[in-house]
Amino acid sequence: MSGSTDWPLWEVFVRSRRGLSHTHAGSLHAPDAEMALRNARDLYTRRNEGVSIWVVPSASVTASSPDEKDPFFAPAADKPYRHPTFYEIPEGVRHL
Amino acid sequence: MNGAPTDDARDVRTTAAALALGDDALILSHRLGEWAGHAPALEEEVALANIALDLLGQARILLSLAGDEDELAYLRDERHFRNLQLVEQPNGDFAHTIARQLYFSTYQLALYRQLVAGDSAFGALAAKAVKEVAYHQDHAEHWTLRLGDGTPESHRRMSRACETLWRFTGELFQPVEGLDIDWAALEEGWLTSVTDVLERATLGLPQGPRTGAWTAGAGRQGLHTEPFGPMIAEMQHLHRSHPGASW
Amino acid sequence: MTAVTEGTAAEAAMETTADGRQAAFDAAVAADERIEPRDWMPDAYRATLVRQMAQHAHSEIIGMQPEANWITRAPSLRRKAILMAKVQDEAGHGLYLYSAAETLGTGRDELLDKLHSGRQKYSSIFNYPTLTWADVGAIGWLVDGAAITNQVPLCRCSYGPYARAMVRVCKEESFHQRQGYELLLALSGGTPAQHEMAQDAVDRWWWPSLMMFGPPDDESAHSAQSMTWKIKRHSNDELRQRFVDICVPQAEVLGLTLPDPDLRWNEERGRHDFGAIDWTEFHEVLKGNGPCNEQRITQRRRAHEEGAWVREAAASYAAKHRPVPGGGPAPGESARAGTALGESTRMEATA
């Protein structure tokens, strides 16, 4: 069923408070971006959960594939020297 | 106290105005509540319920200014309701509901904006309500554009809805006792705004008369249209069936 | 920072062969990790999830009807506001759940189509009528109470989007249950007629609520597999028992009687014994012979059909006014479209 009454799917991101990033809240259907924003407001912030909303057509999201998980993410796993806890600092040294 | 008579007079005026505005909100909220489970899309179920809840919240504050909210909502007879005939009109199809929303929310927005600026018992309420109503107007405007400039069928339905409800719009600008409002400016602003939206929606401004021929008055005088009676009978029957009960 | 260098169980078993994928999936589920939409999953797992999430979503939107039946007659403005908000939440829950189901590639329109044509089911409880105002309270207390008992474990379901939707749903459901309980409390302590109304509603809703947990464990076809997959965390009978144990003291505070002469505390088990459920009625209602099956689906279908021209109009408008990529607002929308809200409705360009 893909008649002309189908509305496209949108991903909704909500900033719950000033100072925080927008976080993925879920998705919804809407005929266009203007209505998607309004539907998102009604659906995802009716209990005062947000101060700002983004909507993005789901079809515009490019996602990494689970099959690419190893080449994408495994190489980052063996570089512990990127993390501060890798380094041993003599006791008593402060502000470091 | 010298000021006492003036205070009493002011109370009477405030009560009259609170009833008019409160009944508008109460009755429109009830009509929108009838959509629950029938809306054209699930997203719209949520949107219409939000608007209905905003209006019900306003109604409760306003009626409480005039007395006990439940006594006023459930124990008055038809002739004692002061709401506009526009808001009691049946939902019809979605186009009728949107046309009703467009006409009313544009009016309510302009009215509450004046009340925010003015000095009356309604300032605090209006300051809160004006934000809600701005969203109602926005919702109505966006749907008017989509229905007017959507398909030939939606254009035809929206056009008919705007025309059918047009004759209830004259009453919006009949002065309400107790409200310090520039009614002429209100009407002019309303016409400008509605004309703009309808034109962008490829719909013309309806040409018919904006009031009925009945000179006795309309909703503000407690004279309602026939669909109103069955509506409040349904609304009130349970409450009235158990006199004095608490819920 | 150890988490950075440690692999997950799923990665440890990661292979590209079919067996390897199955092993990786099994390991992830066993390790209580979440399966996400684009992960490989067994076909049967996918089918079970789509069916369950769709049925759950359908139940939410059909479930609006029995309660919406009382919105226009709510006996006080406070109760009316509460009921409208609750019915609205149910539409919202339906939307969260359809979203979750759509992550597995089945569109909402297709799911609705299956509901409307009777190929997918919704919870049988909504095929009972709401005859009095007290039924609104009984639905909140018992039906939503049973639903919460069923649903809280689903917040830890192995499928990520379902679990996340359920976290949101459960948070909101607790308001539903409490308002129902409070409503019944007011009736029970009210006039004799109100008390009688409350008792009558509890009498009618108690047994159907117990049936909401599904057939007894020894007759439940899909249970074992769903438990292994961690789509289901507890057996039907276990959840039913938990619900009965929760309700008994709540009914006492309400001053209402649960309509089961065999209901009593079993000291030895540390739980309540209760009477046998009439599964004939359950199966009959499931088959379509409940008091409202026909009415519910007819109303849903009619709302969908009568709304078609509206959805079509909005789609057609969107096609006409599609914004040029990188350009300004769509023609006809114009920049002033957002001014009523006092801020631009266009999305910020950056965080």
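The shown structure was predicted, so the numbers you read here are calculated from the model rather than taken from an experiment.

Asker: Which parts of the structure should I look at to understand the overall build of chain A?
Answerer: Each helix and strand counted, chain A has two helices and three strands in total. Each helix (α) and strand (β) of chain A, taken in turn from the N terminus, gives the series β-β-α-β-α. On C-alpha atoms alone, chain A measures out to a radius of gyration of 21 Å, which is more than a quarter above the 12 Å that the 2.2 N^0.38 rule sets for 96 residues. Considered along the principal axes of its C-alpha atoms, chain A spans approximately 65 × 35 × 15 Å. Looking at chain A residue by residue over its 96 residues, the buried ones come to 35%. Put simply, of all contacts in chain A between residues at least 6 apart along the chain, 41% involve residues at least 24 apart.

Asker: What's the story with the packing of aromatic side chains in this structure? I'm lost.
Answerer: The way to describe two aromatic rings as a pair is by their centre distance and the angle between their planes. By the definition in use, this model includes 24 aromatic pairs over all chains. With a centroid separation of 5.2 Å and 90° between ring planes, the pair formed by F94 of chain B and W143 of chain B is classed as edge-to-face. One end of the pair, F94 of chain B, is in helix α5 (residues 94–117); the other, W143 of chain B, is in helix α6 (residues 123–148), with 49 residues separating them in the sequence. Accessibility assignment for this pair places F94 of chain B and W143 of chain B in one class, buried. Ring geometry for F104 of chain B and Y107 of chain B: centres 5.9 Å apart, planes at 50°, overall tilted. Of this pair, F104 of chain B and Y107 of chain B both sit in helix α5, three residues apart, roughly one helical turn. A single burial state applies to F104 of chain B and to Y107 of chain B, both of which are buried. Joined through ring pairs, the aromatic side chains of Y103, F104, Y107, W166, F173 and W190 of chain B make up one cluster. One residue, R76 of chain B, lies across the ring of F81 of chain B, its end atom 4.2 Å from the ring centre. It is R73 of chain C that lies over the ring of W70 of chain C; its NZ or CZ is 3.6 Å from the centre.

Asker: Help me out: how do you make sense of the nonpolar core in this one?
Answerer: Note on soluble globular proteins: their nonpolar side chains tend to be buried together. One finds Y112 of chain B together with W133 of chain C to be the most contacted residues of the largest nonpolar core, which totals 190 residues. Ignoring any residue separated from it by four or fewer positions in sequence, one finds Y112 of chain B in contact with L21, Q58, L62, L125, A126, A129, V130 and V133 of chain B.

Asker: Just to check I follow, could you spell out the side chain of H272 of chain C for this structure?
Answerer: Residues and elements named next belong to chain C. In this structure, H272 sits in strand β2 (residues 271–273). For H272, a relative accessible area of 10% translates into the label buried. Of the polar contacts made by the side chain of H272, one reaches the side chain of D245; its length is 2.8 Å. If sequence neighbours within four positions are ignored, H272 has contacts with Q241, V244, D245, V248, L263, R264, W265 and N266.

Asker: Even after reading the chapter, I still don't get the pairing of strand β2 (residues 22–29) of chain A, so can you show me in this structure?
Answerer: Put simply, side chains in a regular strand alternate between the two faces of the sheet. Residues and elements named next belong to chain A. Inspection of the sheet shows strand β1 (residues 9–15) paired to β2 by seven bridges, in the antiparallel sense. By the bridge assignment for β2, V12 is matched with G26. Between the antiparallel neighbours β1 and β2 lie six residues, among them G19 with a positive phi of about 100°.

Asker: Sorry if this is basic, but what is going on with the interface of chain B and chain A here?
Answerer: Where the parts come together, the accessible area they lose is often given as the size of the interface. Residue-level contacts link 10 residues of chain B with 12 residues of chain A. Each partner contributes to the roughly 1,100 Å² buried at the junction of chain B and chain A, and carbon and sulfur atoms together form 56% of this total. Looking only at chain B, the three residues that lose the most surface to chain A are E43, Y135 and R146 of chain B, adding up to 47% of its buried area. Counting across the interface, chain B meets chain A through two salt bridges. The residue R146 of chain B makes a salt bridge to D32 of chain A at a minimum N-O spacing of 2.9 Å. Where chain B packs against chain A, one counts seven residue pairs in polar contact (both at pLDDT 80 or more).

Asker: What is the right way to read unusual backbone geometry from this model?
Answerer: Note: most residues except glycine have negative phi, and most peptide bonds are trans. All names here are of chain A. Notably, N48 is not glycine yet its phi reads approximately 65°, a positive angle. Position of N48 among the secondary structure elements: in the loop between α1 (33–44) and β3 (52–57). The backbone phi angle of H95 is positive, close to 60°, even though this residue is not glycine. Structurally, H95 can be placed in the segment after α2 (69–73). Here H95 falls in the exposed class, since its relative accessible area comes to 79%.

Asker: I tried to follow the sheet that holds β2 of chain A on my own but got confused; where do I start?
Answerer: Where strands meet in a sheet, backbone hydrogen bonds hold them as pairs that are either parallel or antiparallel. Residues and elements named next belong to chain A. Across the sheet, three strands lie side by side as β2-β1-β3; this open sheet has antiparallel pairing. One side of each edge strand has no neighbouring strand; the edge strands of this open sheet are β2 and β3. Between one strand and the next, the sheet's axes are offset by a mean angle of 25°, whatever the strand orientation.

Asker: I tried to follow the environment of P192 of chain C on my own but got confused; where do I start?
Answerer: Mapped onto the elements, P192 of chain C comes out in helix α10 (residues 192–211). Along the sequence, P192 of chain C and Q295 of chain C sit 103 residues apart, while their C-alpha atoms lie 32 Å from each other.

Asker: For this particular structure, what's the right way to read the environment of A91 of chain C?
Answerer: All names here are of chain C. Along the chain, A91 falls in helix α6 (residues 77–102). Judged by its relative accessible area of 0%, A91 falls in the buried class. On a C-alpha basis, the gap between A91 and I62 in space is 9.1 Å, while along the polypeptide they are 29 residues apart.

Asker: Please clarify how the confidence of the model for chain B should be interpreted in this entry.
Answerer: All names here are of chain B. Here chain B shows a mean pLDDT of 94. Residues at 70 or above account for 97%. When the criterion is pLDDT under 50, residues 1–5 qualifies, and its contacts beyond four places in sequence or with other chains add up to one contact. The ipTM for the predicted assembly is 0.95, set against a pTM of 0.90.

Asker: Mind showing me how you'd approach the packing of α6 of chain B against helix α8 (residues 183–200) of chain B here?
Answerer: The geometry of a pair of packed helices is captured by two quantities: the angle between their axes and the separation between those axes. Residue and element names in this part refer to chain B. Relative to each other, α6 and α8 sit at 35°, their axes nearing to 8 Å. Crossing hand, α6 versus α8: right-handed. Contact residues: Q137, E141, T144 and L145 in α6; S193, V197, L198 and R200 in α8. Tallied by class, residues from the contact of α6 with α8 come to three nonpolar, three polar and two charged.

What counts and what doesn't
- In this convention, every chain numbers its residues from 1, walking through the sequence in written order.
- Lettering of chains starts at A and numbering of ligands starts at 1, both following the order in which they are written.
- Thresholds applied to this predicted model are a pLDDT of at least 70 for local features of residues and 80 or more for the giving and counting of side-chain atom pairs; totals over whole chains, interfaces and linings are not thresholded and use all residues.
- Water and hydrogen atoms were dropped before computing side-chain values, which therefore reflect all heavy atoms in the structure.
- Helix numbering and strand numbering both begin at the N terminus, where a helix is a DSSP run of H or I of at least 4 residues and a strand a DSSP run of E of at least 2.
- As a reference, a globule follows 2.2 Å times the number of residues to the power 0.38, and the radius of gyration itself is taken over C-alpha atoms.
- Only protein chains enter the accessibility calculation, which uses a 1.4 Å probe; a residue is then buried when its area is under 20% of its type maximum, exposed when over 50%, and partly exposed in between.
- In what follows, residue pairs with any heavy atoms lying within 4.5 Å of each other are defined as contacts.
- Between the rings of Phe, Tyr and Trp (Trp by its six-membered ring), a pair exists once the centres lie within 6.5 Å; its type follows the angle of the planes, with under 30 degrees stacked, over 60 edge-to-face, and the other angles tilted.
- Only Lys NZ and Arg CZ are tested; either one counts as a charge over a ring when it is within 6 Å of the ring centre and within 35 degrees of the ring normal.
- We call a set of buried Ala, Val, Leu, Ile, Met, Phe, Trp, Tyr and Cys residues a nonpolar core when their side-chain atoms join them within 4.5 Å.
- A 3.5 Å cut-off defines polar contacts: any pair of N or O atoms within that distance qualifies, except that in protein one atom must be a possible hydrogen donor and the other a possible acceptor, and neighbouring residues in sequence count only when both atoms are side-chain atoms.
- Here, a strand pair is defined by DSSP locating no fewer than two bridges between the strands.
- When two parts are put together, the accessible area they lose, computed with a 1.4 Å probe and summed over both, is reported as buried area.
- For this document, the term salt bridge refers to a Lys or Arg side-chain nitrogen within 4 Å of an Asp or Glu carboxyl oxygen.
- Interaxial angles span 0 to 180 degrees and are taken between N-to-C directions of axes, which are lines fitted to C-alpha atoms, for helices over the stretch in contact.
- Here pLDDT means the predictor's own confidence in every residue, given as a number from 0 to 100.
- Helix crossings fall into two classes, left-handed where the near helix is turned counterclockwise from the far one by less than a right angle and right-handed where it is turned clockwise.
- Each residue gets one of three labels, nonpolar for Ala, Val, Leu, Ile, Met, Phe, Trp, Tyr, Cys and Pro, charged for Asp, Glu, Lys and Arg, and polar for the others, Gly among them.

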